[in-house]
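# Analysis of the macromolecular model
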Amino acid sequence: MNEIKIFSGRSQPELAEKVCKKLKISLSKPKIEEFKNCCFEPALGKNIKDNDIFLFQTSRPNNDLHKDIFELLQMANAAKNSQAKKIIAVMPYVSYARSDKAYSRGMGVASELLAKLLERSGITGFVGIDFHSARFENFFSSKVYQLSAINLLAESLKNTDPKNAFILPADMGAFEKGSILAKKLKMQIGAVEKRRVSDTEVEIKKITGDFINKDIIIFDDEISTGSTLKTLAEKIQKRAKSISFAVTHGLFVGNAVKNFQEIKKLKQIILTDTVPISEELKKSLPLKIVSVDGLLTEKIKEICKN
C-alpha cells in the first residue's frame, strides 16, 4: 500500500483515532491558528508529498457545522498545495446530503455546492456513510465511496427472534435499505406512507404489515428531532410488544430526547458513531452504539491498494 497519513479536524477525532489504531499508524492533527476576527487557518505541518491523505471531518449537528466544513476545505487545499498523491475526505455523516434539489424559486442546491467546493479545494475522493439522498454522490466528478451501516445494525440485532420481530421502515425512502436489513435478519417487513407537514411535523397516512404483539424495529437512516419516529411509534405502540429504533446517524437535535423519553414501549435505540454522542445523551436514552471504525478502516485499505 502507499504511505497513509490520516488527519482529523475538530469535529470527531475519537473516531479517527479508532481507525488509526486499527491501521497501526499515528493520528495527525493540524495546527490551527485562530484570529481575533474569527478567521482560522489550519496547517498540516508535515511532509506529505506523494502520500495518500485522509481527512476526517463529520457533520456535527450544532453551531460548529459550517466552521467544520470550512476547516475541511482548508485542510484539503493545504494537502493539494503540499502535493499529496491522493486526498480523500472522510465525512461519516453528511448533513447537506439531503439538500439535493431546489425547493423554491431562486434557491441553490446546497449538496451540489458542497461537492464542488470540496473538489475545487483539492479532494480526489470522498467517503461517507448512508447518504440521505442517492443524488448527492452524482454531484461529484471524483470518486465517491458510499458505505452502508446495514451489516453493523444487523449484527447488533442478530439475537432477536425473527419469528417475533418485524422491520418497519420509517417511510418509503427508507424501504429499500430496510428491505436489505429485513432479509439479513430473516424478518418480515412492513411499509409506511407519510406526508411531511414541516421540519418537525409529519402525518402518517398508512401503515402496512402484520405486527400485532411483535418486537417492532423501526429503521431509518438518521434521527434528527425524532418527530417522524415518535409519531410512527405512537401509531403502533398499542399493538406492538416493544419498539426499537435502528438508525445510522443519531443527531438528537431540538426536542429529540424528550420525544423518545415519551415513547412508553421504547426498548432501545441502535445507532452508529458517525457523529459524536455525548455522555449526557447516553444517560438519557437506552442507546446501543456500534462503531463504524472497522468499516472505514477496510475502505481506506482498499483505496490505498488501488
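The structure under discussion appears in the preceding block.
Residues numbered from 1 in each chain as written. Predicted model: local features only at pLDDT ≥ 70, side-chain atom pairs only at ≥ 80, totals over all residues. Heavy atoms only, no water.

Next up on the list: the overall build of the protein. Counting its secondary structure elements, the protein contains 9 helices and 16 strands. By the compact-globule yardstick of 19 Å for 306 residues, the protein fits well, its C-alpha radius of gyration being 20 Å. For the protein, the spread of C-alpha atoms along the principal axes amounts to about 60 × 45 × 35 Å. Out of the 306 residues belonging to the protein, those deemed buried represent 53%. Excluding contacts between residues fewer than 6 apart, the proportion of contacts in the protein whose partners are at least 24 apart in sequence is 66%. Counting 50 positive and 37 negative side-chain charges, the protein places the averaged centre of each group 3 Å from the other. (Helix = DSSP H or I, 4+ residues; strand = E, 2+ residues; numbered from the N terminus. Rg over C-alpha atoms; globule rule 2.2 N^0.38 Å. Buried < 20%, exposed > 50% of the residue type's maximum accessible area, 1.4 Å probe, protein only. Contact = heavy atoms within 4.5 Å. Lys, Arg positive; Asp, Glu negative; His and termini not counted. Charge placed at Lys NZ, Arg CZ, Asp CG, Glu CD.)

Here the focus is the pattern of salt bridges. Taken as a whole and judged by the stated rule, the model has 20 salt bridges. With a shortest N-O distance of 3.8 Å, R60 and D64 are connected by a salt bridge. Among the residues examined, R60 registers a relative accessible area of 17% and is labelled buried. Using a relative accessible area of 30% as the deciding quantity, one classes D64 as partly exposed. Here K258 ties to E262 by a salt bridge, and the two come within 2.6 Å at their closest N and O atoms. For E262, a relative accessible area of 35% translates into the label partly exposed. Shared partners join several salt bridges into a network, and the residues in it are R10, E34, K67 and E71. (Salt bridge = Lys/Arg side-chain N within 4 Å of Asp/Glu carboxyl O.)

Counting 32 residues, the largest nonpolar core has I218, F245, F252, F260 and I269 as its most contacted members. Of all elements in the fold, only strand 9 (165-169), strand 12 (201-208), strand 13 (215-223), helix 6 (227-236), strand 14 (242-250), helix 7 (256-261) and strand 15 (266-272) reach the threshold of two or more residues within this core. Discounting chain neighbours no more than four positions away, the residues touching F252 are I223, S224, F260, I269, L271, L281, L285 and L287. Core analysis: the next-biggest nonpolar cluster, separate from the first, contains 29 residues, L72, M75, M91 and L114 among them. (Core = buried A, V, L, I, M, F, W, Y, C linked by side-chain atoms within 4.5 Å.)

Right, let's talk about the sheet that holds strand 5 (residues 52-56) for a bit. Across the sheet, which stays open at both edges, the 6 strands sit in the order 2-1-5-6-7-8 with parallel pairing between neighbours. Each edge of the sheet is formed by a strand with only one pairing partner; in this case those strands are strand 2 (27-28) and strand 8 (143-147). Contacts from helix 1 (residues 13-23) reach strand 1 (4-8), strand 2 and strand 5, with the element oriented near 165 degrees to strand 1. (Pairing = 2+ DSSP bridges. Axes fitted to C-alpha atoms, helices over the stretch in contact; angles between N-to-C directions.)

Note that N259 resides in helix 7. A polar side-chain atom of N259 sits 2.9 Å from the main-chain carbonyl oxygen of T225. If sequence neighbours within four positions are ignored, N259 has contacts with T225, G226, S227 and K230. (Polar contact = N/O pair within 3.5 Å; in protein donor to acceptor, adjacent residues only side chain to side chain.)

Before going further, it helps to examine the environment of I4. Relative to the helices and strands, I4 resides in strand 1. Distance in space between the C-alpha atoms of I4 and E14 is 18 Å, their sequence separation being 10 residues.

All buried positions along helix 5 (residues 175-185) are accounted for by G178, L181, A182 and L185. Down the axis of helix 5, the buried side of the element spans an arc of 100 degrees, and every buried residue falls inside it. When the buried face of helix 5 is taken as reference, the exposed residues oriented beyond 90 degrees from it are E176 and K183. Once helix 5 ends, the next one or two residues include K186, with phi positive near 55 degrees. (Arc of directions from axis to C-beta.)

Time to look at the packing of aromatic side chains. Tallied over the entire structure, the rule returns 9 aromatic pairs. Here the aromatic rings of F131 and F136 are separated by 5.1 Å at their centres, their planes lie at 85 degrees, and the arrangement is edge-to-face. On the basis of relative accessibility, which here comes to 5%, the residue F131 falls in the buried class. Given a relative accessible area of 0%, F136 falls into the buried group. On the numbers, 5.8 Å between centres and 50 degrees between planes, the contact of F166 with F211 is tilted. Note that F166 is positioned in strand 9 and F211 in the loop between strand 12 and strand 13, a separation of 45 residues in sequence. Feature note: the residues F126, F131, F136 and F140 constitute an aromatic cluster, connected by ring pairs. Against the face of F40 rests R10, its NZ or CZ located 5.3 Å from the ring centre. The ring of F40 carries K67 above its face, with NZ or CZ at 5.6 Å from the centroid. (Phe/Tyr/Trp six-rings, centres within 6.5 Å; stacked < 30°, edge-to-face > 60°. Lys NZ or Arg CZ within 6 Å of the ring centre and 35° of its normal.)

All we've got here are geometric facts, nothing functional implied.
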